[in-house]
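Each chain, letter by letter, is given below.
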Amino acid sequence: MNAPTPKNPGPFDGLPPALALGKSNTKTRNAADGTADTEPPMALPLADHCADVAATFRALLRRPIVRRRLARLAGVADLSDQACDRLAVAAALHDAGKVTRRFQKRIKGDPAAGGGHIGPLWSLLFSYAQTAADRQRHSRVLEALHDASMCSWFAEGEPNLSLEPSLMVLSAALAHHGALPQPSTPDKSDWMAKDGYDPLATLDDLSQRVRRWFPLAFAADEGDALPITPRFTHALAGLMVWADWLGSDTGAFPLMGLADLSAWTDDRFAWSTARADEMLRARRLDAAARQRRAAALPWSFAGVFPAAAAKSWQPRPLQSAMLSLDAAAVAPGATLVAEADTGSGKTEAAVALFLSLLRAGRVDGMYFALPTRASAVQIHRRIHALLTEALGDDAPPVGLAVPGYLRVDGEDGVRLPGHRVAWPDGDDGRLDDRRWAAAHSSRYLAGPVMVGTIDQLLMGGMLVRHAHLRSTAMLRQLLVIDEVHASDPYMTALLTCVLDQHRAAGGITLLMSATLGAVARARLTDTTRPALTAAAEVPYPSLFGAGAVTLAADSPARSIRLEPQDPAALEDLLGTAIAAARDGARVLILRNTVRDAVATQNALERLCPDPDLVFQVAGRPAPHHARFAAEDRNALDTALEADFGGARCPHGRIAVTTQTAEQSLDIDADLLITDLCPADVLLQRLGRLHRHRWRTNRPSGCTDPRALILCPPVAALAEGLRDDGTAKPGPGSGIGTVYRNLLALAATAAAITENPLWTIPTMNRQRVESITHPEALEALAERLDGEGTRRGVWQAHHNRILGTDSAHRQFACLVTLDWDNWQPEGLVQDSGIVNDVATRLGARDRRVELPPGTLGAFGTPITALTIPAHLLPAPSTDATPVVNATAEGLSLRVGEAEFVYDRMGLRRLER
């Protein structure tokens, strides 16, 4: 008979058996290749870890704005100190399930032990006690969790709750990893005393410590029981995740070595309390300093924007409106909507609103959301500069909330093993408190000021992990959503969900757009949709939500001549562009698809006799579109702003671009050539034409703004419709694909033909409503069907668009949180109808990480390439990429798909 294999000693075998651990480094002590790391075993007693998290939870809850937001969701004026402490009792018990035998075996180095720490406790609470021993165990656990006290502390805030109020609070604390598992039959061995360790005795000890930590919670009632509502519970769950992330940070709350653990007898809650307050200040989650600095600002345009004032610039009407706004009078839950023409200073107006609300104590942070990664990178620099100018050393760190970047203020970090980050001005891998939020995408919304994509905001209302962290952290912030018109019906429905909870908590939002339709505005502000006649008569520009404020025009109205062109005559238009550039003009060519942009770039290089007239980066001609590595895209943006920005080029220039040039870039073209697109998008493009009104030295032939539109006639658009109303690709760039609503395109084409002289911004409102309001589209479909030979095809198309939009909104409802219902087992969607929840409809793009030192399209290092999903056939999506350097750039193979990456961007090779 073989002798039994001796058990390898665990790293914590020498500790007293009765000592329960709450955290250890056993997971990080093994390298990827299985070899042992040299890091010594370290851990933290369970009681100490619970003290750290509870102290952090209470410190967060005592932030004035956080406290007010949660109080509003509970339906009370404020949370008393006693109510805060009673909620902190639940937070202190968030890891009570770690007392089980299986979890303690696992955390002490036995991976075969298995078992989580949430499921066993949650299952025990819902189990049917069959025997006297079961009933005794169940009763003892409830007593240790202070169930009787909690039942008297918390009351129903509304009828028909899914759980008892006390259990709703406890479940929110237990759901600190995102959701709770479905209750199952408890494993009795988890709770049995054996080998010197008694789980129930450990739980009793933790329970008594909690009573000592929060004596006010157990004192006589100072008021009525706290009402518990589903919305409050959702926010409480997010606050719990936030506290657990902060309180589990070993940089702030260090682990102990074996010697300290063996001698452990102390209770460090007092130390944890002081440490939590210190950490919140270090991570700029305490807004007191910046609020004082903002309150001390000379409140005027010159005081807030001294650099602009030093150049004798005057405030724009929207900026003046924000500076004169009474922040204290802004209603809790207000959604402000700023509609103004492109180039009207909306970014600075948003900063003015933030500083106004900050000085009034109405917010303590800001999330500035944009539709694209590139626009977020651009605006991030401006927000950092503006806040530094206004608040000096007290300016909050401004992080870039774009996955793949590690940027705070003007510096980039580098990821190191073990979830560490190296910053240029810090020690290698040392914790950096100021930049904590930027190091992980799940906590972007927990930063003081972050600029990022709207996707990060939308995930705060979706059935994804850490949604509650996002949604609760944003409650204290001013949410600024720029270019809000760019969201499709699915994304608009997701945004509506997020704003619903933000508004209910009293959070403040600013929506900004040059071309927002009345229907979208009504959905986002939870107001009644106006009829077409009323919608078209709304003044423009305007500021809504602080009373209807009609803004003065930013500058005198300007007339732009729109000249329809045959899409087949592109080479003739390139000749026009070349001639204009020879005269010193900056010509912007904007195509609807990357494929057409690349083809146009090739044709331009073939036809243009002077290479210096073609837009270049680092001496290499290139189109400007989205299929470039982030580093190369940044170089493209910088070069485009240099050639088409404030300083004039020494000679003319022609740039071929896509929608990437529509927004967020400060560029000014003398001549615009563009594909047909919906009127609201076209207005954005026209905003790049003669954008800088102060320029008086326009070249010959470009003194008046003029746009050449590759515009197929309405009859040709009708040929792009099948009898069932579905759209076929063509007859122009992106028609039926990028822009699938051909009725909106027909309305725009008709408007150009009937009135080629557009007065901006006087006509903005009418143009936007003509292609977005259902009444206008219904009337147009009826008219076109009456004029055409294929009766009913336009109405069929209109119905199909309405049906598709409705389906997308319904799909959004399937993947969003129900704020009016608390079901802790269904907070994360991982099975059933939705398997891969995303903020944008469609297949997922593939990100390919590149070897260090890989050179990109313009001779500088790049780190990754993103392959659009539609370029990657399904069998290749999971294949390992093969990357090789070439003379012009890179070749890339993913399964059977082959790509090339060079100065033209990423393209798939067709066989």
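Since the structure is predicted, the reported quantities are computational estimates derived from the model, not experimental observations. (Residues numbered from 1 in each chain as written. Predicted model: local features only at pLDDT ≥ 70, side-chain atom pairs only at ≥ 80, totals over all residues. Heavy atoms only, no water.)

Asks: Which residues make up the overall build of the protein chain, and what values go with them?
Replies: A tally of regular secondary structure across the protein chain gives 33 helices and 30 strands. Compactness check: the protein chain gives a C-alpha radius of gyration of 30 Å against a globular reference of 29 Å for 911 residues, within 12% of the reference. The 911 residues of the protein chain split such that 57% are buried. Of the contacts formed within the protein chain by residues at least 6 apart in sequence, a portion of 75% connects residues at least 24 apart. If you sum the accessible surface of the protein chain, you get close to 36,100 Å²; carbon and sulfur atoms cover 52% of it. Of the side-chain charges in the protein chain, 95 are positive and 103 negative, and the distance between the mean point of each set is 1 Å. (Helix = DSSP H or I, 4+ residues; strand = E, 2+ residues; numbered from the N terminus. Rg over C-alpha atoms; globule rule 2.2 N^0.38 Å. Buried < 20%, exposed > 50% of the residue type's maximum accessible area, 1.4 Å probe, protein only. Contact = heavy atoms within 4.5 Å. Areas by Shrake-Rupley, 256 points an atom, 1.4 Å probe, with all protein chains shown as cover. Lys, Arg positive; Asp, Glu negative; His and termini not counted. Charge placed at Lys NZ, Arg CZ, Asp CG, Glu CD.)

Asks: Give me the lowdown on the environment of Leu357, citing residues and values where you can.
Replies: Structurally, Leu357 is set in helix α18 (residues 346–359). Judged by relative accessible area, which is 0%, Leu357 ranks as buried. In sequence terms Leu357 and Ala295 are 62 residues apart; their C-alpha atoms lie 9.8 Å from each other.

Asks: Break down helix α17 (residues 317–324) for me, citing the residues and quoting the values.
Replies: Inspection of α17 places Leu318, Gln319, Ala321, Met322 and Leu323 among the buried residues, and these make up the whole buried set. Residues of α17 that are buried make contact with α15 (301–304), β5 (335–339), α18, β14 (508–513) and β15 (542–544).

Asks: Can you lay out the nonpolar core for me, pointing to particular residues and giving the numbers?
Replies: Phe57, Leu87, Phe214, Trp242 and Leu457 are the most contacted members of the largest nonpolar core, which has 129 residues in total. For this core, the element with the most residues is helix α11 (residues 230–247), which contributes eleven residues. Counting residues in each nonpolar core, the second largest holds 71 residues, with Phe628, Leu665, Leu743 and Ala897 among its members. (Core = buried A, V, L, I, M, F, W, Y, C linked by side-chain atoms within 4.5 Å.)

Asks: Residues and numbers for the pairing of strand β27 (residues 882–885), please.
Replies: Both β27 and strand β28 (residues 890–894) contribute to a ladder of four bridges, which runs antiparallel. If you follow Val882 over to β28, its bridge partner there is Arg893. Where β27 folds back on β28, the antiparallel hairpin that results is connected by four residues. (Pairing = 2+ DSSP bridges.)

Asks: I'd love a proper account of the pattern of salt bridges, names of residues and values included.
Replies: Counting across every chain of the model gives 48 salt bridges. With its nearest N and O atoms 2.9 Å apart, the salt bridge here joins Asp805 to Arg740. Highlighted residues: Asp805 in helix α33 (residues 793–814) and Arg740 in the loop between α29 (714–719) and α30 (742–754), separated in sequence by 65 residues. Assessed through its relative accessible area of 32%, Arg740 is described here as partly exposed. Between Arg783 and Glu754 there is a salt bridge, with its nearest N and O atoms 3.8 Å apart. In this pair, Arg783 sits in helix α32 (residues 774–787) while Glu754 sits in helix α30, placing the two residues 29 residues apart along the sequence. What makes Arg783 partly exposed here is its relative accessible area of 37%. Take Glu754: its relative accessible area is 59%, and that puts it in the exposed class. Salt bridges linked by common partners bring Asp205, Arg209, Arg212 and Asp267 together as one network. (Salt bridge = Lys/Arg side-chain N within 4 Å of Asp/Glu carboxyl O.)

Asks: Please set out helix α19 (residues 373–391) residue by residue, giving values where relevant.
Replies: Under the 1.5 Å per step criterion, the end-to-end length of α19 is 26 Å for 19 residues, consistent within 8% with the ideal 27 Å. Among all positions in α19, only Ala374, Ser375, Ala376, Val377, Gln378, Ile379, His380, Ile383, Leu386, Leu387, Ala390 and Leu391 are buried. A positive phi of about 60 degrees marks Gly392, the residue just after α19. (Expected span 1.5 Å × (residues − 1).)

Asks: Explain the packing of helix α1 (residues 46–61) against α11 to me, using residue names and the numbers behind them.
Replies: At a minimum axis separation of 8 Å, α1 and α11 run at an interaxial angle of 125 degrees. With respect to each other, α1 and α11 are oriented oblique. Crossing angle aside, the handedness with which α1 passes α11 is right-handed. For the pair formed by α1 and α11, the contact residues are His49, Asp52, Val53, Thr56, Phe57, Leu60 and Leu61 on the first element and Leu236, Leu239, Met240, Trp242, Ala243, Asp244, Leu246 and Gly247 on the second. Residue composition of the contact of α1 with α11, grouped by class: ten nonpolar, three polar and two charged. (Axes fitted to C-alpha atoms, helices over the stretch in contact; angles between N-to-C directions. Parallel < 35°, antiparallel > 145°, perpendicular 65-115°, else oblique. Left-handed = near helix turned anticlockwise from the far one by under 90°. Nonpolar A, V, L, I, M, F, W, Y, C, P; charged D, E, K, R; others polar.)

Asks: Explain unusual backbone geometry to me, using residue names and the numbers behind them.
Replies: The step from Tyr540 to Pro541 runs through a cis peptide bond, and the omega angle for that step is 0 degrees. Relative to the helices and strands, Pro541 is located in the loop between α24 (532–536) and β15. Note that the residue after Ile760, namely Pro761, is joined by a cis bond; omega there is 5 degrees. Take Pro761: it is sitting in the loop between β24 (757–760) and α31 (764–772).

Asks: I'd like a description of the sheet that holds strand β23 (residues 706–710), backed by residues and values.
Replies: Adjacent strands of a sheet form backbone hydrogen bonds with each other and so pair up, either parallel or antiparallel. Read across the sheet, six strands follow the order β21-β18-β22-β23-β17-β24 without closing on themselves; strand pairing throughout is mixed. The open sheet has two edge strands with one neighbour each: β21 (653–657) and β24. Sheet twist, expressed as the average angle between the axes of neighbouring strands with direction ignored, equals 20 degrees. Two elements, strand β18 (residues 586–590) and β21, share five bridges in a ladder whose sense is parallel. For Leu588, the partnering residue across the bridge sits in β21 and is Ala655.

Asks: I'd like to hear about the packing of α18 against α19, residue by residue, with values.
Replies: Put simply, α18 and α19 touch, their axes get as near as 11 Å, and they point 45 degrees apart. Between α18 and α19, the interaxial angle falls into the category oblique. Like other packed secondary-structure pairs, α18 and α19 cross with a definite hand, here right-handed. Where α18 abuts α19, its residues Thr347, Glu348, Val351, Phe354, Leu355 and Leu358 lie against Ile379, Arg382, Ile383, Leu386, Leu387, Ala390 and Leu391. Among the residues making up the contact of α18 with α19, the classes are represented as ten nonpolar, one polar and two charged.

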